[in-house]
Amino acid sequence: MMPQPISQAVLPPLRGRVEPNAPLGPATWFRVGGPADVLVRPADLDDLLLLLRDMPADMPLTILGAASNMIIRDGGIAGVVLRLARGFGDVVPEADGIIAGAAALDVTVAETAAAAGLAGLEFLVGIPGTIGGAVAMNAGAYGVEIKDVLDWAEIATPDGLLRLDAATLNFAYRHAQLPTRGVVVRARLRAAAGDKSAIAARLAEIRAAREATQPVRARTGGSTFKNPVGDRKAWELIDAAGCRGLTRGAAQVSEKHCNFLLNLGGASAADIEALGEEVCARVLAHSGIALEWEIRRIGRTLP
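Counting 55 residues, the largest nonpolar core has Leu121, Leu124, Val135 and Leu150 as the members making the most contacts within it. Tallying contributions element by element places strand E13 (residues 183–190) first for this core, with five residues. The contacts of Leu121, once residues within four sequence positions are left out, are Ile98, Val109, Ala110, Ala113, Val149, Leu189, Arg190 and Ala191. By size, the runner-up hydrophobic cluster in this structure holds 25 residues, among which are Val32, Leu246, Ile272 and Leu291.

What follows is the structure, given as structure tokens:
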């Protein structure tokens, strides 16, 4: 039995959009998943701070960015699902960096930096997501991570707005230590003046490499498993365990890059997650290495 929608009466009076029983699946890269009990899109920073301060302390809170690197389970997400949109997407170049709102796409930040002749942020064109999500998970690609370029991030909390530097966020592999119920709203990324043609060439190189090696046009959640400690790659372990092309229902391990799971059309979240667990089991049996999910798996399973 699905839970009853949350009454707006239990939330503070917000100026932004509040939508009970809001469908989420169509907005995810996998195109799967159940609804949010309530989806909130704050009008602006003040609206967000009001929500965090006055919403019930025991009500679950989930933050969604581009919903690229996640599986939302078929039973949907309990409590409040927060999505930043208008008012949180500005990208402003400075002489030696970029200030970007949390809702700005990583690719947009990379392109804005390139247009301004700022080098060092080209790696962002290879990350499918938003700046808020990139900070929250210390996203990285092509040998660079957010921790390498972050000056500060502004984070909304129930106690107000904080500005934290990279050291305070205690970055680790695909992880940042955010305050409890902290929501990234803006970040400053360092860059350096560079040659525009060279920067554009690097963007084109990264795009071409992704196109050649990854299923970028498929319904996927990006890189599924973290690379283990050491010099082993997750895709190599998956391939060696015989999982390339493996299917479960309409879910498949990509034949192009076997650290990507695909929805071939009609897969459920349960199909995709079960396929990933089967991959983990096969890799463990073959190599003795336990893979760790990089994709977030959130929400309720159906009975």
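We are not done yet, so read on.
Turning our attention to the pattern of salt bridges. All told, the structure shown has 25 salt bridges when counted by the stated rule. For the salt bridge of Asp44 with Arg15, the shortest nitrogen-to-oxygen distance reads 2.8 Å. Residue Asp44 is found in the loop between strand E2 (36–41) and helix H1 (45–54), and its partner Arg15 is found in the segment before strand E1 (17–22); the two are separated by 29 residues along the sequence. Here Asp44 falls in the partly exposed class, since its relative accessible area comes to 26%. For Arg15, a relative accessible area of 54% gives the class exposed. Here Arg297 ties to Glu277 by a salt bridge, and the two come within 2.8 Å at their closest N and O atoms. With a gap of 20 residues between them, Arg297 in strand E19 (residues 296–298) and Glu277 in helix H7 (residues 269–287) connect regions that are remote in the sequence.

What follows concerns the layout of surface pockets. Of the volumes computed, that of the second largest pocket is approximately 360 Å³. Trp29, Val125, Pro128, Arg210 and Val216 are, among the 16 residues lining the second largest pocket, the residues nearest its centre. Looking at the lining of the second largest pocket element by element, the count peaks at three residues for helix H5 (residues 196–213). Along the lines of polarity and charge, the residues of the lining of the second largest pocket split into eight nonpolar, two polar and six charged.

Read from one edge to the other, the open sheet built from four strands follows the order E1-E2-E5-E3, with strand pairing classed as mixed. Every other strand in the sheet has two partners, leaving E1 and strand E3 (61–64) as the edge strands with one partner each. Each adjacent strand pair in this sheet contributes to an overall mean axis angle of 25 degrees, direction not counted. Sheet topology places E3 next to strand E5 (residues 77–83); four bridges connect them, and they run parallel. Note that in E5 the partner of Leu64 across the bridge is Arg83.

A word on the environment of Thr112. Position of Thr112 among the secondary structure elements: in helix H2 (residues 106–115). Residue class for Thr112 comes out partly exposed when judged on its relative accessible area of 21%. On a C-alpha basis, the gap between Thr112 and Pro93 in space is 7.3 Å, while along the polypeptide they are 19 residues apart. Setting aside residues no more than four positions away along its own chain, Thr112 makes contact with Val91, Pro93 and Ile98.

So, about the packing of aromatic side chains. Enumeration according to the criterion identifies one aromatic pair in this entry. Taking the centre distance of 4.9 Å and the plane angle of 55 degrees together, the rings of Phe225 and Trp293 count as tilted. Taken together, the residues span a long stretch of sequence, with Phe225 in the loop between strand E15 (220–223) and helix H6 (234–240) and Trp293 in the loop between H7 and E19 at a distance of 68 residues. Positioned above the aromatic ring of Trp152 is the side chain of Arg163, whose terminal nitrogen or guanidinium carbon lies 3.7 Å from the ring centre.

Rules behind the numbers
- Residues numbered from 1 in each chain as written.
- Predicted model: local features only at pLDDT ≥ 70, side-chain atom pairs only at ≥ 80, totals over all residues.
- Heavy atoms only, no water.
- Core = buried A, V, L, I, M, F, W, Y, C linked by side-chain atoms within 4.5 Å.
- Buried < 20%, exposed > 50% of the residue type's maximum accessible area, 1.4 Å probe, protein only.
- Helix = DSSP H or I, 4+ residues; strand = E, 2+ residues; numbered from the N terminus.
- Contact = heavy atoms within 4.5 Å.
- Salt bridge = Lys/Arg side-chain N within 4 Å of Asp/Glu carboxyl O.
- 1 Å grid on protein atoms, 1.4 Å probe; cavity = no way out; pocket = protein on both sides within 12 Å on 5 of 7 lines; lining within 4 Å.
- Points joined across faces, edges and corners; volume = space filled by probe spheres on them.
- Nonpolar A, V, L, I, M, F, W, Y, C, P; charged D, E, K, R; others polar.
- Pairing = 2+ DSSP bridges.
- Axes fitted to C-alpha atoms, helices over the stretch in contact; angles between N-to-C directions.
- Phe/Tyr/Trp six-rings, centres within 6.5 Å; stacked < 30°, edge-to-face > 60°.
- Lys NZ or Arg CZ within 6 Å of the ring centre and 35° of its normal.

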